[in-house]
Every structure is written in structure tokens, then in C-alpha cells.
Amino acid sequence: MLSPTTALLGTLSLYASFALSAPSYPSSAETGEGDQFDYIVVGSGPGGGPLAVNLAEAGYSVLLLEAGQNHTSKPSQQVPALIGQAQWDEEQGWWFYVKNYSNDTQSARNDKLVWEKPEGGYWIGLDPPEGSTQLGVWYPRAGTLGGCDTHNGGLVVRPSDWDWNNIVDQTGDESWASDKMLAYFENLERNLFLPPGTPGHGFSGYQPVGRGDKTLFENEPQILAVAQGSAAAFGYTNRSTSTDFDVIAKKDINEPLPDRDFQNDVYQISFKKDEQGRRYSAGSRVNSGVARGLPLTVRFDSLVTKVQIDDNLQATGVEYLEGRSVYKADPRYTKNNTGIPRTATAKREVILSGGTFNTPQMLMLSGIGPASELNKHNIPVLVDLPGVGKNLRDHYEVGVIQEFANNFTLFEDCQIPPGGTVDPCYEVWQKNGSGPFSTLGFYQFVLSTSSVAPRGERDLILYGASSGVLGHLPPYVNQTGVLTAGNVFTYTVSESHSRNKAGTITLRSSDPQDVPEINFEYFTDGGDEDVQGLVDGIEFTRKIFNSIPGFNGTTHEVYPGPAISSQDQIRQYVRDEAYGHHAAGTATIGGDNDPLAVLDSNFRVRGVKNLRVVDMSAFPNTPGTFPLISIFMLSEKASAVIIADAASAQA
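This structure is a prediction, so every number in the text was calculated from the model and none was measured.

Conventions we followed
Residues numbered from 1 in each chain as written. Predicted model: local features only at pLDDT ≥ 70, side-chain atom pairs only at ≥ 80, totals over all residues. Heavy atoms only, no water. Helix = DSSP H or I, 4+ residues; strand = E, 2+ residues; numbered from the N terminus. Polar contact = N/O pair within 3.5 Å; in protein donor to acceptor, adjacent residues only side chain to side chain. 1 Å grid on protein atoms, 1.4 Å probe; cavity = no way out; pocket = protein on both sides within 12 Å on 5 of 7 lines; lining within 4 Å. Points joined across faces, edges and corners; volume = space filled by probe spheres on them. Nonpolar A, V, L, I, M, F, W, Y, C, P; charged D, E, K, R; others polar. Pairing = 2+ DSSP bridges. Axes fitted to C-alpha atoms, helices over the stretch in contact; angles between N-to-C directions. Parallel < 35°, antiparallel > 145°, perpendicular 65-115°, else oblique. Contact = heavy atoms within 4.5 Å.

Chemist: Could you clarify how one ought to interpret the environment of Asp528 in this entry?
Modeler: Of note, Asp528 is situated in helix α16 (residues 527-546). Counting along the chain gives 189 residues from Asp528 to Gly339, while the straight-line C-alpha distance between them is 47 Å. At a separation of 3.1 Å, a polar atom in the side chain of Asp528 contacts the side chain of Arg575.

Here it is, written out as C-alpha cells:
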């Protein structure tokens, strides 16, 4: 039997005819040259999408430029369980190949490394054909309305208080304090599963937050057993013997307890899902704004190539290419995709929300960045900002895969039957928003504290799925072995607040259609501590699997496998196989005394007027465990700051 993930990914095209409706947008033919707007927002992801709507709600005219198209009506963006399909969809994806190490020998030890073969085509993993060239590790981003919010899990986990308070410490700006940032979360959330009035939550915001139907997990004996083993590993004996998922796993991972960031426990997964069981992304937020007739203009297929900056170092607008698949990260790109040059003017501000990879690229192409890097590509230096493209960070992740005696059954009926036309799970989801497709295919979180945790805060989060997960693998991977097994369970160990800040984004060329060089330089800063944290996580995961009640001797580890047992062996496994997908920090907020600070605490690019950055690149550290909701909170704060500044200027 195929794994649930493989079965779902294999049916990508079968759901195309079930696309749901989205609001109509004007075509590019209805737009003019040199248009003027109060604000231009570049990028429609979790930073830019909500920000553009908020500014339009405040009555300002906003142009939102999106390099991709609107695919929010696709089932892969609507159905929670189909998130993997969105990552593999060429129409939605920007596919980067990144370096984890500068050392090619170390890089070659990664079984997720992609090589280009001499005769063409790709090889993934170890022992490539002689003469093959390293491309890097596949790092999928989303080139579509809503950005990466449309292809990730939509997990809603507030960051630790330290993530906000650290910005206060660096900038002296008390408005970033964690208690003040909590208010933004409460304002945007519409919680669907906790009693109204539960402290620390919102119940009337635009962002619905739900969870999976616990009875589905309770009725799958092996999924239930893993949850029980997770509680047992912490010593929660009474909870580990319960068959009630609400007892085994706590409901509220975002409960604002004084010691929340120091609690080790098992939690149910909260994620972005509305009352009809549909995902609600940043793209959905933009659709809502357009449908309401706000002064919001959205242009698709619009790759921003440069911020226009006048002689007074004031941002006045942008230049962009109008055209489909004009960026080389788009897997459909061809050299004939050149685009039509266009411009737009901002009467107030330009706001970059292109994300950790693309925002620094846009800044450097505009003459803002390290002078040495700009000079290398003959780009006139307008503002020498050494921190642009520096401080690239990520969460480290590694997997532990356990084989069970029987196949997992939650998704076993989620295939179109012979002679049929509709997947029965899709039919149930479409009718009433329930069933397996209303879940993520992830079942619980485990939060734990390693022996090297910064500040003693819990720094490990495990998320479990009944499939073989080695990391992010491209759609052309050979689906064999553990990737197709239906009887395996993966706990992915993710490490928060990693110490490394040595990664960089640099330009390959001055061509805006080119992709930048991305090098994370894994484990350069504090590497031994970060490796040890992941080692601790692997050992705790093994403790979980060994604590599963009633399965003694019937399960065994298949990855990395029992042969990887000593501390040194596990450390090498971590260095070889760690990966990430929460890149941050390449245009960071910082204090006036920080030479690498790109932004002040009000998101303003240093040295340039009327230019701000609002996206994941602004964070000094990768926030929390899953940073998605942190970006939404960041966007809400930026909206308040920008609107207040506009009101002050008008007074």
C-alpha cells in the first residue's frame, strides 16, 4: 500500500476539475502605465497580503504586485490534507536550490541533495553518476497569491515571548513587547474550537483557526498509540493510558501561561481552517478585500525588478516585468519569457514583502546593500547597507521514522475507486468540511527542552505524520522504499532559536530574472550546541517510540536506523541530513548601533525614505517553532505603524 502522502500527491491532477470560486480581478489589459497609488506593496504572502488589505481598509489606494497568479481556488490550496500537492504544483511553485554548506564534500553526504546529470536530468541523493554537478537542496517557495502561506501547513503556534522581547532589547522600542504583540494575535484570530472568551485568543478576527477532528485520530489505533507514547515519554502516566485525544494532548498550544515557553508537553495541532473546513491563507484575505470593493488593485504576473529612488534617496515607485513565469525559480521559465517593462508610482510609500530570499535581492538590485556586493555586479551604490542579505537563518530539522506492523488507515479510503470519478474523502470534505481531508495529516505536536536550550526555554518541537518524511523532496524524486510505505510514522524534530547566523543571500548577476545564491552555512555559529540539541531530540523521539503501549517488539526504527546509535554517529547524521524551511533574517530589524541592521523598529529601510520591509526577512531570529502566525502578527503591527504615520503626516 502507498503511504498516505504518496497516494495524495499522486492524484494531483484528479482534483483540477473541482476548483472553487475566487473573486474576479481586472486583467493586465485593464491597467495603465505609470499608475499612481498611495502605497505599493510588493508580494502577497503573510507579510504583504494582510498589510495591503489593512491599508486599503484604512481608505488608502494600494497596488499589490504579485509575480505569480491566483490559485486560491485550487483544491490543493483549499483542502488541508493536500498541502503537499501545492508544493509540487509547477503553476504555484518557485523552486530554489540552496547550499547548506560551502564545502562540497560535506554537502554530498546529504541524501536530499539534487544533482544535474551530465546527459541532463536530475539525480537525488548519494552516489550520483560521474560528472554530475551539485545543484543544491530543493527549497520550495510559492510564486502565487498568498505566498508560502498557500503551500505550508498553516500551523498556528505563537512564538515565544523572547522572540518579541529580544527586538525590544535590540531597539529600545517597547511597542514590540510580547504582551503588546499578543494583542495583534487576539485581533486577527477567529478561534473555532475553544470556548469564547478564552484568554489569549480572538474570536472575531479575519483568520479562522481550527483543528483536526479528534475522533479520526482516536479511531486509528496506531495514531492513538503514538500519541499515548508521546505522553508516556514525559511521564504523564494517567494521560498516556487514556483513549480520549483531549486528555492525551492539550488543546491549546497558544495558552498565555506565565511559564508557557518552559512547558514540555503534547499538544493538538491548531491550523488555519475556516468553518467549512477550508484553508484560509493570506491569498484568501486578499480575495476578501477585493470582493468587498476596497481601493485595492492586484496585479498578477508582475515581477518587481527595482525600487525607483530619487536624488533625495526617497522611494517613489517600482519597475516591474509583466509576464508569466519570468523568474528563473519558476519551473516553467524559459529564456523566451522576457516580460513587458512597466512602472508604478507610490505617492506615500513602497513596501517590500518578497520574503527572505527575494526582498534582499530586490534591495540590492535597487542599489541598497553591501557596497562590495553591488560593485561586483556594476550596480550603482545608493545606500551601503552591509546587512542586506546577511544573517540568513533557519530552523534545523531531522526525521526519525518508525515502522509498524500494520498500515495506517486514516487515509486508506482516500482514493478514487475503480470506475468512480470522485475521491470519497474529497466528497465528504466538499459536502461538510469534515473527514480525513479536513486534517493536515499531522496529528500532534511534542514540545521539549534540550540539554543546550537557550535560556532554558523549550527549543524542540516534534510533529508527527503517518508517512515517510525525509525532508522536502522535489516531485521528480523516485518514490521508493520508506517514501511509499503505508506502515511508517515520522516524527520530524525541529529546533528553534538555532544559533547560526552565517548564511547569506548574494546576487548571481544584475539580471532581476536570475535567482540569487543562497548559502545557509549550516552549523557555523554555535554548531556543536545546535547539533547536540537535535541529538537530544532524536533520542527523545526514540524514547517516545519505545514508550508506545501494547506495541513492544512490533515496531522498529528504519531511519536513521538502529546502526546510528552512538552520540558521534547521531551527530554526524544531523550534520549530514538536517534541513529547514523557515528561512529568515536577511533584512533584519535592529538597533542604531547594529552595523548589520537593515531596518529600524518601524520597518523603515535605513538611509532611504518611504521604503519599508514587512516580511520574514525582518526578523532578527527565526521566530518560534512554526513562524507563520508570527509573520501575520508582524504584518498587523506594521499596518498599525504605517497607518499611524500617515495620520500623523496628515495632521
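Chemist: Would you explain the layout of surface pockets in this entry?
Modeler: Where empty space is left can be seen by rolling a probe of water-molecule size over the atoms. Of the pockets and cavities examined, the largest pocket occupies roughly 650 Å³. Along the wall of the largest pocket there are 33 residues; nearest its centre are Phe96, Tyr97, Leu135, Gly136 and Arg508. Broken down by secondary-structure element, the contributors of at least two residues to the lining of the largest pocket are β3 (93-98), α5 (104-107), β4 (113-116), β6 (133-142), β22 (517-519) and α17 (567-577). Its residues assigned to classes, the lining of the largest pocket comprises 16 nonpolar, six polar and 11 charged.

Chemist: What is the right way to read the sheet that holds strand β17 (residues 396-403) from this model?
Modeler: Through backbone hydrogen bonds, the strands of a sheet pair up, either in parallel or in antiparallel fashion. Strand order in the open sheet made by the six strands is β9-β18-β19-β20-β17-β23, with antiparallel pairing throughout. Bordering the open sheet on either side are β9 (265-268) and β23 (556-559), each of which pairs with just one other strand. Here the average twist between neighbouring strands, direction ignored, is 25°. As paired strands, strand β18 (residues 442-448) and strand β19 (residues 460-465) are joined by five bridges and run antiparallel to one another.

Chemist: How should I be thinking about the packing of helix α7 (residues 178-188) against helix α18 (residues 628-650) in this particular structure?
Modeler: When two helices pack together, their arrangement is captured by the angle between the axes and the distance separating the axes. Two elements in contact, α7 and α18, have axes separated by 9 Å at closest approach and are oriented at 100°. Comparing their axes, α18 and α7 come out roughly perpendicular. Between α7 and α18, the contacting residues are Met181, Leu182, Tyr184, Phe185 and Leu188 on the first element and Ile629, Phe632, Met633, Glu636, Lys637 and Ala640 on the second.

In short, shape yes, function no, at least from these values alone.
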